Each structure stands twice: as C-alpha cells, then as structure tokens.
Amino acid sequence: MQTQTTDAKIIGVVYKKTLGHYDVHHGDKITPCALSSKLWKDFKPSKDSGKTHEHRQNVTEKHMDPVAIGDRVRFTLAGDGSGMIWNVLPRRNYLARASAKPMPGAHAFEQIIAANLDQVIPVFAAADPEPKWHLLDRYLVTAEYYNLPSLIIITKTDLVRGSRSEKELSTAVQRYRTIGYPVILTSALENKVIFATREALAGRTSVLMGKSGVGKSTLLNALEPGLGVRVQAVNQTTGKGRHTTTHLEMFQLASGGGLIGTPGVREFGLWEVSPKDIAYCYPEMQPYIGQCKFGMSCQHNDEPGCAIRQVVMDGKISPYRYQSYLRLKADL
Amino acid sequence: MRTYFENKNVDFTCKHCGRIVPAQTAESGVVNRNHCPTCLHSRHVDLFTPGDWLCACKAIMVPVGLTLKRCRDKYAAECQGELMLIHRCMNCGALSINRIAADDDTSQILNVFKVGSKWNTQLEIIYQQMRIIPLDKSDIHLVETQLYGRTSCCR
C-alpha cells in the first residue's frame, strides 16, 4: 500500500523506543515513527580500510542508535498515521554508557541512554537485590561527567526495618548525604515518601537507572497510578530481578515533567571518561585536586604527599568512596 | 550487606625488601597474607577489618614486637594463646596485630622479639591505650616454645 507523506516537518519528542520503532509526542498526539535512511547514512561513521576496524564498525553500527529517548526530532507524517524521523535536533545534554559487549572479543560502543535531561535518579533496593555501592558510584560519576544532578532513591526500605542491615544502610546513606547528594528512602507502601518523591520530580525530566529488580517500575506505578507498567517479584532462588522491563520509555508526570523508565542493567561501563577525569567526578575530591606534592600528575594512589590520601586519613573523605575511586580508575 | 569489598589476597612485592610474596593460603596458612615472610614488614592498608583495604595511608609497617592472642579456651593457661606480630605504621604510627604465617622466617621473628622487648615510652603508652600486652625478655622460653615446639626447646 502506498502512503502519502506531507512535506511539512513537525518537531516532537521521542517518548518510547523499541527495536526500530519510535513513539514521538507532538502536542497531544503520539506518532509511531521509523528512521529515515538519510538519518542512518548521516549517522554512519566513515569506514576505515583496516579489516579489523571495518568489522568493528559493522558490529557497532548494528547495535548503535542515532535517536535516544528525550531527543527532539524533526519528522514527517505519512498518510497512514505513521511518521518518518529525518533529523535529531541538537541535544541540551545526554547520558551515555559503554555498552555491554555484543559478543566475546568485541569492542564496547557508546550507548546513549537518554537525552535532554534535568536529573539522574539511581535507584537501589535496600534488600533483594542487596545494594552495590560501587555501582551507585559509577552512576554518580557518569552523572557528574555529563553535568547532571543526581537524586538517589533507595526502595524496599521496609525489608530491612529492625535488622542489622538497616544500620549499615543508614551509614551508607549518610555518606552520600554528607557529600551533598539528596537521598530518598522509600517503599512503595509509604504514601508520605511517595509525595516527597513526586515533589522532587515535578517539572523535570528524570531518568531512573538501576539493576533489575530494584523496583524502578514499581516506583513508576506508585508515582503515577494508572500507568500499569508491568512488574514482577525478584527470583526467590537467585535473589535477582527478572528483567521485566525490556524497553526505554518516558512517562509524562501529572505534576509536569517526564520520568524515563529503563531496563535493569547488569553492568555500567563509563564512556569517554578518562582516568584523569574521574577525580573531578567525585565532588568531595575536587577542592584537593592539584594540591598534591606532584601536582596534577599525582595518581592519588601510592604517591608521597598526596593531598587526597591525606584528607581521606583525616576523615574528610569516606574511605569507601576513595576505594571506589581507585577501583573505578583501575577498571578503565 | 555487600559494600566495596573485593578479594585482594593476591601475590605482591614487598615494599621493604622487594621480594615477591605468594599469597596462597595453602602456602602461608593464613587467609589474609599481610606481611612479607622474609623481612616481616607489612603495609598499612586495612582500616576496620583485616583485608578490607580501606586505609589510605599505605605506608610501610615495621614489626615492633610480639604479643599473644587471647585464647578462646577459657580453661587454658594465659600463656597458651597464639603468637602474634605487632606492626607499627611508619607514617601515622598506627598499630596492628597480625597472625604469624606458616612460612614466616622464625629467626627474624626472634630478632623482632629481641629488638621489640626494648620498647620506648611512647610505644608503651600506645600499648596501654590499645590494651596490648607485649612480650618482654622474661617470655623468651614461651616464644621459643611457640616457634620451635616444646621438645626442641627442652634440648
């Protein structure tokens, strides 16, 4: 069937994407769109003559996507109600990670999670699955690198109430609050906290990030009743999530703004961040960078006269955060 | 609850004597190898618990003396606890008490005992603050028994 297209290009925002299909919001309408071949052509990096590099590019192109959730795009309408995306308008900001490697021996590539954001919300569960603070630091470092403010949400707090884990949790929460990160402790059962979370999200575009099973979709349902996002309990045998959410989608909030739900991530690699940049992504370390005996060349590891190591010993920086910094730097 | 902990019990090079130290439990008999078996020097890397690697000091720790671990058996004699090494950080002065590994140089341990029994007043104050009872010259028989066994001592 031949469809008619109009030449007038409309500007909309990408709210949902599944493989090759994009839902674009414009006004009150939602248009399912596909990508134009022109956009793909413009997006393709120039090919190198090297065989290995060519193979690498082929793999990369197969998995990369020129359009991210939150992108403002220019598209045309076809007669059947669908659309064709032609351009992506310049991004205000974006959040990216190094992708999981598509096959053994392959190279990781840039995966843009969302664009035009106001804040990043790392979500962790107090238990089931237990929180990994190093992963939280990875999220925070990425957010700092892209100049995005973070709001930490800890869910399922009812599961640790009265247990030994509650004390450990409050110590960890205090650690992040001292640095200046806002932390909300919540459970889907507590209405008061849900109201507070709603206030923190109002009028902003936020992205939820976290492992599978931490309660990102449950939080979405609690914040916006009626969304009906599919949720499942964690696997009782493995204690891990079941990867219920499989696509990225932005939901409009009644209080204004949008909230992007993401699938759970097993690993979160840093993209573009060089080992030298990492210290700048730890806000508590920033005032001491350059004050070491070896100045900007200091690796803050074994060097004598390191100002950062000294403040860690003085108790101004948490030793856990310092270790996380070293580990992150070693992983790059 | 899991924190930042990861297993770091891997082979390392001694910062003091430069020897490569194998950290396998089968060889050393201890879970956390924390000092060189040859020169007995250690590194200040643990903060709260053995093997947590949370300390940012990372300076060399010198063996300064020996002490006994409090025995678990409440009916045993006081002197029957395990022999332990006392390490002192050269940078911040922190003390730590560590298990002697199976392959530690016994003559070096005896040497530490002889030098360590002449501790200074400053160290004595720290011992009192930390409630550490270091072994002194009068405990030589006990140390030898712990290191070489009862029969070899009686010879």
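A. The arrangement of the overall build of chain A in detail. The secondary structure content of chain A amounts to nine helices and 13 strands. Looking at the 332 residues of chain A, the share that counts as buried comes to 33%. Partitioning the intrachain contacts of chain A with sequence separation of at least 6 by distance along the chain shows that 66% fall at a separation of at least 24.

B. Examining the domain arrangement of chain A more closely. All names here are of chain A. Once the domains are mapped, chain A shows domain 1 (10-90), domain 2 (113-261) and domain 3 (275-331). Relative to domain 3, the C-alpha centre of domain 2 lies at a distance of 28 Å. Each side of the interface is counted separately: domain 2 has 10 residues, and domain 3 has 11 residues. Contributing elements (two or more residues each) for the side of domain 2 that touches domain 3: helix H3 (133-145) and helix H4 (164-179). Considering each element in turn, the side of domain 2 that touches domain 3 owes the most residues, seven residues, to H3. In terms of residue class, the side of domain 2 that touches domain 3 is made up of four nonpolar, two polar and four charged.

C. Examining the nonpolar core more closely. Core analysis: the largest hydrophobic core is formed by 69 residues, its most contacted members being Ile-85, Ala-114, Val-120, Val-123, Val-207, Leu-208 and Ile-260 of chain A. Leave out the neighbours within four places in its chain, and Leu-208 of chain A touches Ile-121, Val-123, Lys-216, Leu-219, Leu-259, Ile-260, Gly-261 and Thr-262 of chain A. The next biggest cluster of nonpolar side chains, apart from the first, holds 15 residues, and it includes Leu-68, Leu-83, Ala-101 and Phe-113 of chain B.

D. Spotlight on unusual backbone geometry. Residue and element names in this part refer to chain A. At the junction of Asp-128 and Pro-129, the peptide bond is cis and its omega measures out at -5° in the coordinates. Relative to the assigned elements, Pro-129 resides in the loop between strand E8 (119-125) and H3. A positive phi angle, close to 55°, is found at Asn-116, a residue other than glycine. Along the chain, Asn-116 falls in the loop between strand E7 (110-115) and E8. With a phi close to 55°, Asp-128 is a non-glycine residue in the positive phi region. C-beta crowding within 10 Å serves as the criterion here: with 19 such atoms nearby, Asp-128 is assigned to the partly exposed category.

E. View of the packing of H3 of chain A against helix H9 (residues 319-331) of chain A. Residue and element names in this part refer to chain A. Interhelical geometry of H3 versus H9 gives an angle of 70° and a closest axis separation of 10 Å. Taken together, the axes of H3 and H9 are roughly perpendicular relative to one another. For the pair H3 and H9, the contacting residues are Trp-133, His-134, Asp-137, Arg-138 and Val-141 in the first and Tyr-320, Arg-321, Ser-324, Arg-327 and Leu-328 in the second.

What counts and what doesn't
- Residues numbered from 1 in each chain as written.
- Chains lettered and ligands numbered in written order.
- Predicted model: local features only at pLDDT ≥ 70, side-chain atom pairs only at ≥ 80, totals over all residues.
- Helix = DSSP H or I, 4+ residues; strand = E, 2+ residues; numbered from the N terminus.
- Buried ≥ 20, exposed ≤ 12 C-beta atoms within 10 Å, placed from the backbone.
- Contact = placed C-beta atoms within 7 Å.
- Domains from an automatic or database assignment.
- Nonpolar A, V, L, I, M, F, W, Y, C, P; charged D, E, K, R; others polar.
- Core = buried A, V, L, I, M, F, W, Y, C linked by C-beta atoms within 7 Å.
- Axes fitted to C-alpha atoms, helices over the stretch in contact; angles between N-to-C directions.
- Parallel < 35°, antiparallel > 145°, perpendicular 65-115°, else oblique.

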